[in-house]
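# Secondary and tertiary structure notes
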Amino acid sequence: MPNTLPAAGNQKIKSDLHFMMECFRDMLVNLHETALAAQLPWINDIMKGEFPSDISPEKLIQAYSMSFQLLNMVEENAAAQYRRQVEDEDGSLAIRGSWGETFAQWNAKGKSEDEMKSLLGNMAVRPVLTAHPTEAKRVTVLTLHRELYLLLVKNENAAYNKAEHRAIRAAMQSLLERWWRTGEIYLEKPDISSERANVMHYFTKVFPDALQYSDWRISESWQATGLPGKGPEQANEFPLLEFGSWVGGDRDGHPFVTSDITRETLLLHRQASLEILRNHLMQLAKGLSFSAYTNPVPASFRQVINDCAKQLGTAGEKALQRNIGEPWRQWANIMLAKLDNTINEVNVKEGRFYKDPTDLMQDLSVLRSSLSEIGAGNVIHQMLLPLERLVRCFGFHLAKLDIRQNSAFHDLALTQVLQKAGLDDHDFANWSEEKRIGFLNNELLTARPFLPQGTGAGKEADAVLDCYRVLRQHVDRYGPEGIGSLIVSMTRSLSDLLVVYIWLREVGLLQTANWQVVPLFETIDDLQAGARILNAYLQHPVTRERILRMPQPVQEVMLGYSDSNKDGGILASRWAIYQAEKQLTAIGNKHGVALRFFHGTGGTISRGGGKMHRFMDSMPPATVSGQMKLTVQGESIAQQYANRITATYNFEMLLAGVARQAMKKANPAQEIEFPEDVLNTLARYSFEAYRQLVEYPDFIDFYSYATPIDVLENSKIGSRPARRTGQRTLQDLRAIPWVFSWSQARFNLTGWYGMGSALKALCENNKDSYSRLQASVETWPFLKYTLIQIETNLLNADKHWMQAFAEQVPDKPLGAALLQKLLDEHAEALLQIGALLGTPAEERRTTQMNNVNLRGEPLYRLHALQMDYLTQWRAIKDADTNESKALLQKLLLLVNAIAGGLKHTG
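From a predicted model like this one, the values you see are computed outputs, not experimental measurements.

### Observations regarding the overall build of the chain
Looking only at helices and strands, the chain features 37 helices and 9 strands. A compact globule built from 906 residues would reach a C-alpha radius of gyration of about 29 Å, and the chain, at 29 Å, matches this within 12%. Principal-axis analysis of the C-alpha atoms places the extent of the chain at approximately 90 × 85 × 60 Å. For the chain, the distance from the average site of its 97 positive side-chain charges to the average site of its 103 negative ones is 3 Å.

Spelled out as structure tokens, the structure:
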């Protein structure tokens with residue numbers, strides 16, 4: 001599939017955008033906003049410059065924000081329709097990264113049916129939704145987006161007559177009016193409950209249908225590719241697509257995630273999952289209207305029905321009476337009765353409820369066997385299999401809730417515990433690593449806790465212990481499946497991981513709950529030290545004991561894209577992650593443990609975002625075990641999963657990408673020798689250039705004025721603070737607002753700085769190395785992907801607004817010096833990447849250039865307004881007057897509108 005939309009695709013974008021903008025314009029005219037309607041982009045002849053002074057700025061900003069979001073919607077739909085067209089004309093194998101392409105590759109290499117099915121069935125992939133503060137749009141607005149998208153698709157139906165199309169137009173205008181009257185941004189910071197409600201929408205309304213459609217894509221592609229056999233037929237023969245969440249479990253720098261929030265979230269997940277299963281079981285029961293008079297009923301099936309009905313007592317008798325002569329429905333009624341007992345937590349006795357999903361799967365297997373005996377294979381595949389897959393992928397827990405906390409917080413908490421326990425030498429946070437390890441090893445020899453149940457020890461200690469007590473209570477009541485991993489942010493030593501064993505011991509879970517204790521390597525230094533830390537952890541006796549309890553030994557390791565980027569720049573970050581994957585995999589192989597890499601990616605290129613199939617293909621060879629997790633953050637959730645079609649496509653790109661990499665690991669071939677030594681040098685050059693920038697005297701002062709970071713720190717787009725402790729340092733600033741602020745100012749330097757200097761230095765210092773690098777551009781997926789990603793950020797930067805923002809810096813010599821440094825590096829990077837790839841970006845990246853140009857003039861007008869208000873607000877912001885508050889409100893509206901135009905925040 002081509003990387004660019006053909007002319008027909010671009011024409012569709014133009015026609016659909018014109019239709020939606022006409023609806024928007026007509027809606028505004030109906031509301032007597034004629035002057036405002038005349039300012040809408042793409043359907044009016046407007047030029048760069050200031051907005052008319054007689055129109056409310058707030059209304060203009062909102063109108064442009066909505067316009068950008070309509071454009072994004074149109075582009076999403078055009079891409080989906082283009083994929084359909086390509087698949088119709090050339091088959092599914094023409095879609096890059098698809099199951100069709102994957103199966104065709106396997107077939108060409110002579111893989112057997114059993115080999116392919118075995119690999120698929122052993123895969124386990126888990127997207128993890130987070131509530132990092134990058135989603136600027138309100139949940140209500142996101143819901144309206146989904147309705148508008150469905151109307152856009154509906155409008156494509158050529159079977160509708162003119163009257164029906166007029167009805168669609170009227171419905172769209174009504175939705176646009178509701179959106180217009182709703183408002184764009186959070187007037188108050190969203191609490192965790194509202195963030196949780198947002199992700200729950202995807203878990204409950206989008207993912208169940210997308211899972212079924214995703215499985216259908218696998219089966220359809222298997223047949224279309226001409227592979228032997230029928231492909232996956234049993235629920236466990238398809239990849240395990242699970243889901244995870246950080247909303248209600250991520251405590252790193254988030255004081256509002258309390259133990260009560262975690263308890264509520266775990267229960268909400270369970271209730272929602274059971275309700276989903278009940279609804280699908282009800283649908284199955286409606287469809288099983290097979291008569292015992294026209295279908296032979298297996299004797300064993302009759303016996304099971306009668307036995308289970310007796311166990312259920314009155315409820316069982318009702319289940320039989322409800323559908324006399326329809327045994328398959330009777331069996332579904334019995335399952336519904338047991339599921340109702342499970343949901344309501346009544347009659348929780350053997351045979352009367354489902355203790356766990358395994359019990360439900362056993363009853364479904366009885367149904368499968370009986371249907372198979374009467375030859376109802378189509379019914380099994382179309383009606384039963386989707387429910388079996390829901391049980392396997394969602395269980396009774398919906399999504400696994402990860403628990404994350406910072407290592408420094410744990411250190412302080414344990415210090416408080418030791419002090420409360422009466423230890424004279426209790427300052428654990430300041431002990432040497434050797435002393436910490438000796439102490440922890442000695443403590444882990446006993447099951448004795450430090451403190452009696454319920455004893456308080458200090459703010460941090462109580463927060464940690466209360467969380468683990470909630471986990472214990474949930475496990476005792478419902479089992480461990482609803483909890484994901486215990487993640488330690490800023491893992492810098494073995495002791496950071498062993499401390500988690502102490503918390504588990506304190507609540508009596510160390511020997512029973514086999515959750516993963518997961519290191520999160522975030523900075524460049526931590527990524528480079530990861531293999532050493534993992535080696536020590538995997539050979540630790542407690543870890544070895546826990547691994548031996550696993551059916552298949554696996555260790556999860558999380559890799560941080562955001563902080564490593566903030567630490568060392570884009571190239572050094574990506575290369576450190578690439579090298580870490582190889583080194584960590586070697587350690588896992590040494591200990592006989594498969595690694596499940598957890599990629600902490602965000603929506604922007606600076607934070608690991610990008611096309612999923614290219615991301616997967618760029619992995620180091622033989623490092624993907626078939627198990628993988630990755631975060632989907634903020635705005636990326638809506639971009640990837642707003643509707644079933646888009647969600648299914650992104651699931652396919654992720655699952656098929658993991659499958660291709662896992663097959664390579666299972667069947668290692670002679671890999672191409674890539675010039676990794678050259679990348680080491682290039683990454684070092686890039687790192688040095690980046691550090692020279694951020695360590696430039698008074699760089700933080702430049703950053704504070706040359707970006708709207710002060711506005712973002714007043715925004716209401718997430719429940720978590722922008723800084724970890726409130727200090728005005730680069731280290732304390734979270735990676736998300738760091739990227740967001742540079743993006744808003746159109747520098748985008750987090751996605752390119754250091755690359756131009758590095759390539760220039762390599763070319764000048766070692767032409768042979770440069771030639772080797774250039775020769776591998778088309779054969780090394782990692783290199784090609786990285787270059788294209790960086791170039792995209794370069795093209796999205798805007799030198800005009802870079803200069804305008806730099807002029808905001810009060811220290812004019814500082815502003816001029818750093819601006820020139822940035823402009824020189826930007827020009828050098830574009831030049832060097834173009835030379836390495838063979839042609840300038842303008843000739844290769846036509847779709848990207850069209851994207852930039854389409855948004856250019858509307859963004860120009862918003863930036864001009866932003867610059868005006870930013871100057872006014874900064875002059876009076878410390879006064880805390882009504883005027884300063886009004887200006888800030890306008891700036892927040894502009895942040896949202898510009899983010900929509902750029903299609904990303906942080």
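Resuming the write-up.
### A look at the packing of helix 8 (residues 192–224) against helix 14 (residues 377–394)
Interaxial distance between helix 8 and helix 14 falls to 10 Å at its minimum, and their mutual angle equals 120°. With respect to their mutual orientation, helix 8 and helix 14 come out oblique. Crossing of helix 8 over helix 14 shows right-handed handedness. Across the interface between the two elements, Phe-203, Phe-207, Pro-208, Leu-211, Gln-212, Asp-215 and Ser-219 of helix 8 pack against His-381, Gln-382, Pro-386, Arg-389, Leu-390, Cys-393 and Phe-394 of helix 14. A per-class count over the contact of helix 8 with helix 14 returns 8 nonpolar, 4 polar and 2 charged.

### Points about the side chain of Thr-102
Tracing the backbone through its elements, the reader meets Thr-102 in helix 4 (residues 99–108). Among the polar contacts made by the side chain of Thr-102, one reaches the side chain of Arg-660 at a distance of 2.9 Å. If we ignore the near neighbours within four places in the chain, the residues touching Thr-102 are Gly-97, Ala-656 and Arg-660.

### Some words on the pattern of salt bridges
The tally for this structure, following the rule as stated, stands at 53 salt bridges. In this structure, Arg-169 and Glu-22 form a salt bridge, with 3.6 Å as the shortest nitrogen-oxygen distance. Residue Arg-169 is located in helix 7 (residues 162–182), and its partner Glu-22 is located in helix 1 (residues 7–30); the two are separated by 147 residues in the primary sequence. In this structure, the salt-bridge partner of Arg-404 is Asp-252, at a minimum N-O distance of 3.5 Å. Of this pair, Arg-404 sits in strand 4 (residues 400–406) while Asp-252 sits in the loop between strand 3 (244–245) and helix 9 (259–287), placing them 152 residues apart in sequence. Side by side, Arg-404 and Asp-252 carry an identical accessibility label, which is buried.

### Description of unusual backbone geometry
The phi dihedral of Met-490 falls on the positive side, at around 55°, and the residue is not glycine. Residue placement: Met-490 occurs in the loop between strand 5 (483–489) and helix 18 (494–506). For Met-490, a relative accessible area of 13% puts it in the buried group. Residues other than glycine seldom take positive phi values, yet Asp-698 does so here, at roughly 65°. Relative to the elements of secondary structure, Asp-698 occurs in the loop between helix 26 (676–694) and helix 27 (699–706).

### Let's talk about the side chain of Asp-16
With respect to the secondary-structure elements, Asp-16 resides in helix 1. Look past the residues within four positions of Asp-16 in its chain and what remains in contact with it is Val-74, Asn-77, Leu-152 and Glu-156.

### Quick notes on helix 13 (residues 357–373)
Across its 17 residues, helix 13 extends 24 Å between first and last C-alpha, which sits within 8% of the 24 Å expected from 1.5 Å per residue. Residues Pro-357, Leu-360, Asp-363, Leu-364, Val-366, Leu-367, Arg-368, Ser-370 and Leu-371 constitute the buried set of helix 13. Where helix 13 is buried, its residues meet helix 9, helix 10 (299–312), helix 12 (327–344) and helix 14. For helix 13, the N-terminal cap is Asp-356; the gap from its side-chain oxygen to the backbone nitrogen of Thr-358 is 3.0 Å. Within two residues after helix 13, Gly-375 carries a phi angle of roughly 75°, on the positive side.

### A few points about the packing of aromatic side chains
Summed over all chains, the structure comprises 41 aromatic pairs. When the ring centre of Tyr-202 is taken as origin, the NZ or CZ atom of Arg-146, which lies over that ring, is 5.4 Å away.

### Some thoughts on the nonpolar core
Across soluble globular proteins, nonpolar side chains have a tendency to be buried as a group. If you look at the biggest cluster of nonpolar residues, it comprises 165 residues, and the most contacted ones within it are Phe-207, Leu-371 and Leu-414. Not counting the four nearest positions on each side in its chain, Phe-207 is found in contact with Leu-129, Tyr-202, Phe-243, Phe-394, Tyr-641 and Phe-651.

### A look at the environment of Gly-608
Relative to the assigned elements, Gly-608 resides in the loop between strand 8 (594–600) and helix 23 (612–617). Classification of Gly-608 as buried rests on a relative accessible area of 7%. Setting aside residues no more than four positions away along its own chain, Gly-608 makes contact with Tyr-561, Arg-574, Thr-601, Gly-602, Phe-615 and Tyr-785.

### Section: the environment of Gly-482
Inspection of the secondary structure assignment puts Gly-482 in the loop between helix 17 (459–478) and strand 5. When its relative accessible area of 6% is taken as the criterion, Gly-482 is described as buried. Filtering out sequence-adjacent residues up to four positions away, Gly-482 remains in contact with Leu-266, His-397, Ala-399, Lys-400 and Leu-401.

### Regarding the pairing of strand 7 (residues 554–560)
Among the 7 residues that make up strand 7, 7 are buried, leaving the element largely enclosed by the rest of the structure. Burial along strand 7 is two-sided: the residues Val-554, Glu-556, Met-558 and Gly-560 and Gln-555, Val-557 and Leu-559 are all buried. Pairing of strand 6 (residues 516–521) with strand 7 involves 2 bridges; the strand directions are parallel. Within strand 7, the residue paired with Leu-520 across the bridge is Met-558.

### A few points about helix 20 (residues 541–548)
Restricting attention to buried positions, one finds in helix 20 the residues Val-542, Thr-543, Arg-546 and Ile-547. For helix 20, the angular spread of the buried residues around the axis is 135°, confining them to a single face. In helix 20, the exposed positions that point more than 90 degrees away from the buried face belong to Pro-541 and Leu-548. In this fold, the buried residues of helix 20 make contact with helix 18, strand 6 and helix 19 (524–538).

### Structural notes on the environment of Gln-212
Looking at the element boundaries, Gln-212 is found in helix 8. Sequence separation between Gln-212 and Arg-844 is 632 residues, and the spatial gap between their C-alpha atoms is 38 Å. With near-sequence residues (within four places) excluded, Gln-212 lies in contact with Gln-382 and Pro-386.

### Comments concerning the packing of helix 13 against helix 14
When two helices pack together, their arrangement is given by the angle between the helix axes and the distance between those axes. For the pair helix 13 and helix 14, the least separation of the axes is 10 Å and the interaxial angle reads 170°. Of the possible angle classes, the one that applies to helix 13 and helix 14 is roughly antiparallel. Judged by residue contacts, Pro-357, Leu-360, Met-361, Leu-364, Leu-367, Arg-368, Leu-371 and Ser-372 of helix 13 engage Val-379, Ile-380, Leu-384, Leu-385, Leu-387, Glu-388 and Val-391 from helix 14.

### Digging into the pairing of strand 9 (residues 627–633)
Within strand 9, 7 of the 7 residues are buried, which leaves the element mostly enclosed by the surrounding structure. By the alternation rule, side chains of strand 9 split into Gln-627, Lys-629, Thr-631 and Gln-633 and Met-628, Leu-630 and Val-632, which are all buried. Strand direction decides the pairing type here: strand 1 (residues 124–130) and strand 9, joined by 7 bridges, are parallel. Pairing of Val-125 across the sheet is with Met-628, part of strand 9. Bridge analysis of strand 8 against strand 9 gives 3 bridges, and the strand direction is parallel. The partner of His-599 across the bridge, within strand 9, is Leu-630. Note on the crossover from strand 8 through helix 23 to strand 9: the handedness is right-handed.

Conventions and cut-offs
Residues numbered from 1 in each chain as written. Predicted model: local features only at pLDDT ≥ 70, side-chain atom pairs only at ≥ 80, totals over all residues. Heavy atoms only, no water. Helix = DSSP H or I, 4+ residues; strand = E, 2+ residues; numbered from the N terminus. Rg over C-alpha atoms; globule rule 2.2 N^0.38 Å. Lys, Arg positive; Asp, Glu negative; His and termini not counted. Charge placed at Lys NZ, Arg CZ, Asp CG, Glu CD. Axes fitted to C-alpha atoms, helices over the stretch in contact; angles between N-to-C directions. Parallel < 35°, antiparallel > 145°, perpendicular 65-115°, else oblique. Left-handed = near helix turned anticlockwise from the far one by under 90°. Contact = heavy atoms within 4.5 Å. Nonpolar A, V, L, I, M, F, W, Y, C, P; charged D, E, K, R; others polar. Polar contact = N/O pair within 3.5 Å; in protein donor to acceptor, adjacent residues only side chain to side chain. Salt bridge = Lys/Arg side-chain N within 4 Å of Asp/Glu carboxyl O. Buried < 20%, exposed > 50% of the residue type's maximum accessible area, 1.4 Å probe, protein only. Expected span 1.5 Å × (residues − 1). Phe/Tyr/Trp six-rings, centres within 6.5 Å; stacked < 30°, edge-to-face > 60°. Lys NZ or Arg CZ within 6 Å of the ring centre and 35° of its normal. Core = buried A, V, L, I, M, F, W, Y, C linked by side-chain atoms within 4.5 Å. Pairing = 2+ DSSP bridges. Arc of directions from axis to C-beta. Right-handed = clockwise from strand over helix to strand, strands pointing away.

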